[in-house]
Amino acid sequence: MAGEGVLRPGFVEIYVLDIEAAITHYVDYLGLDMVGTEADGRVYLKGYDEFDHHSIILHPADHAGVARVGFKVSSEAALKAYEGRILEFGAAVDHIPAGEQPGLGRRISFIIPSGHRIELYAEAAIAEHHPPTKNPGLWHVEPHGMRAMRFDHVLLYGPEIPEVLRFFTTVLDFKLSEQVVAPDGPVAIFLTTSNKAHDIAFVSHPEPAKFHHASFLLEDWSDVGRAADLMTHYDIPLDIGPTRHGITRGKTIYFFDPSGNRNEVFAGDYTFYPDTPVRTWDAEKIGKAIFYYDRALNERFLSVVT
Ligand SMILES: [Fe+2]
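My aim in this report is to walk through the structure given alongside it, one point at a time. In this text, all values refer to a predicted model and were calculated from it rather than measured experimentally. (Residues numbered from 1 in each chain as written. Predicted model: local features only at pLDDT ≥ 70, side-chain atom pairs only at ≥ 80, totals over all residues. Heavy atoms only, no water.)

### Notes on the overall build of the protein chain
- Assigned secondary structure in the protein chain consists of 6 helices and 17 strands.
- Considering only C-alpha atoms, the protein chain reaches an extent of 50 × 45 × 45 Å along its principal axes.
- Out of the 306 residues in the protein chain, the part that is buried amounts to 55%.
- Contacts in the protein chain between residues at least 24 apart in sequence constitute 68% of all its contacts with a sequence separation of at least 6.
- Here the protein chain has roughly 12,800 Å² of accessible surface; of this, 52% comes from carbon and sulfur atoms.
- Across the protein chain, the mean location of the 27 positive side-chain charges is 5 Å away from that of the 43 negative side-chain charges. (Helix = DSSP H or I, 4+ residues; strand = E, 2+ residues; numbered from the N terminus. Buried < 20%, exposed > 50% of the residue type's maximum accessible area, 1.4 Å probe, protein only. Contact = heavy atoms within 4.5 Å. Areas by Shrake-Rupley, 256 points an atom, 1.4 Å probe, with all protein chains shown as cover. Lys, Arg positive; Asp, Glu negative; His and termini not counted. Charge placed at Lys NZ, Arg CZ, Asp CG, Glu CD.)

Spelled out as structure tokens, the structure:
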């Protein structure tokens, strides 16, 4: 829970086809700050309200999708303890040296049963342009674009959802906050390691390692509306919204980056405490669960992943 163990989602590394188009999308439109470009072509970004060195990596590739999702843990001791538990679960652990991503300490890296690569690390340099801390104003520089405050969570698609649930809850100490259940088991799970309604989520899908969306927090519902105005202004491909989720209660818009990766901007969710009961939706109510106002899924939600 908050303060020890796995602290929060730290970064997501996204494959993009055209790096210049991706920078225009994520920096100029979404409103993230450029941290730097490394010699290998990877571009590092962060939200204006984040303290750590970076939270988004744009990775030039010949395909879209997600390369890896990193979670920051509370200490080196926690990192060592989680490594033992991951090995005990039966997953192999790779070691990535400090500095492989600028500003980050050593990482451990492993594949979960849905096929996704997840990483843990304990050390991150504080960003040069972090939120003010002394008699703090709201920001150093006025936020721009959609004014994304921070990277918040990812939704991933893949098989073996019950095993993913077992991994996150028994190995990484996450809590299940919400789920969609069919007669033969869970088809969607929402997991938290904090007071947020979710820090990562999974939907059952036959193909492993698929990417549904990366989500960015906005300050409030009026900023969600302003983001919709910018999407029309810049002709950004829209998936759905503005609308609201039943699950997590977030007010949301889904849209696509120039490579076809789905993004979300949202504001508002419920507070999760360690003793909050699991909220469960029947699979036949999934329309209302996912899109609370529309009360029906759009076809793209289930079929378009990268
Ligand atoms: Fe989301």
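### Some thoughts on the side chain of His245
- Of note, His245 is situated in the loop between β14 (238-244) and β15 (251-256).
- According to the relative accessible area criterion, His245 is buried, its value standing at 9%.

### Thoughts on the sheet that holds strand β3 (residues 43-46)
- One open sheet accounts for 8 strands, arranged β2-β3-β4-β1-β5-β8-β7-β6; its pairing is mixed. The sheet is open, and its two edges are formed by β2 (33-37) and β6 (94-96), each paired on a single side. Across the sheet, the axes of successive neighbouring strands diverge by a mean angle of 25°, strand direction being ignored.
- Both β2 and β3 contribute to a ladder of 4 bridges, which runs antiparallel. Paired with Gly36 across the two strands is Tyr44, which belongs to β3.
- Contacts from helix α1 (residues 19-29) reach β1 (6-16), β2, β3 and β4 (56-60), with the element oriented near 160° to β4. (Pairing = 2+ DSSP bridges. Axes fitted to C-alpha atoms, helices over the stretch in contact; angles between N-to-C directions.)

### A short note on unusual backbone geometry
- In this model, Gly241 is joined to Pro242 through a cis peptide bond whose omega is 0°.
- Among the secondary structure elements, Pro242 is positioned in strand β14.
- Although it is not a glycine, Asp173 sits at a positive phi angle of roughly 65°.
- Among the secondary structure elements, Asp173 is positioned in the loop between α3 (161-171) and β10 (175-182).
- Within the chain, Arg249 stands out as a residue other than glycine whose phi angle is a positive 70°.
- By the secondary structure assignment, Arg249 is in the loop between β14 and β15.
- Accessibility expressed as a relative area gives 40% for Arg249, which makes it partly exposed.

### Notes on helix α2 (residues 76-89)
- The end-to-end C-alpha distance of α2, which contains 14 residues, comes to 20 Å, matching closely the 20 Å that a straight helix rising 1.5 Å per residue would cover.
- All buried positions along α2 are accounted for by Ala78, Leu79, Tyr82, Glu83 and Ile86. Take α2 and look down its axis: the buried residues cluster within an arc of 140°, on one side only. Relative to its buried face, α2 has exposed residues pointing more than 90 degrees away, namely Ala77, Lys80 and Glu88.
- Tucked inside the fold, the buried residues of α2 contact β1, β5 (65-73), β6, β7 (107-111), β8 (117-121) and α3. (Expected span 1.5 Å × (residues − 1). Arc of directions from axis to C-beta.)

Limitation: the analysis is restricted to geometry and does not speak to function.
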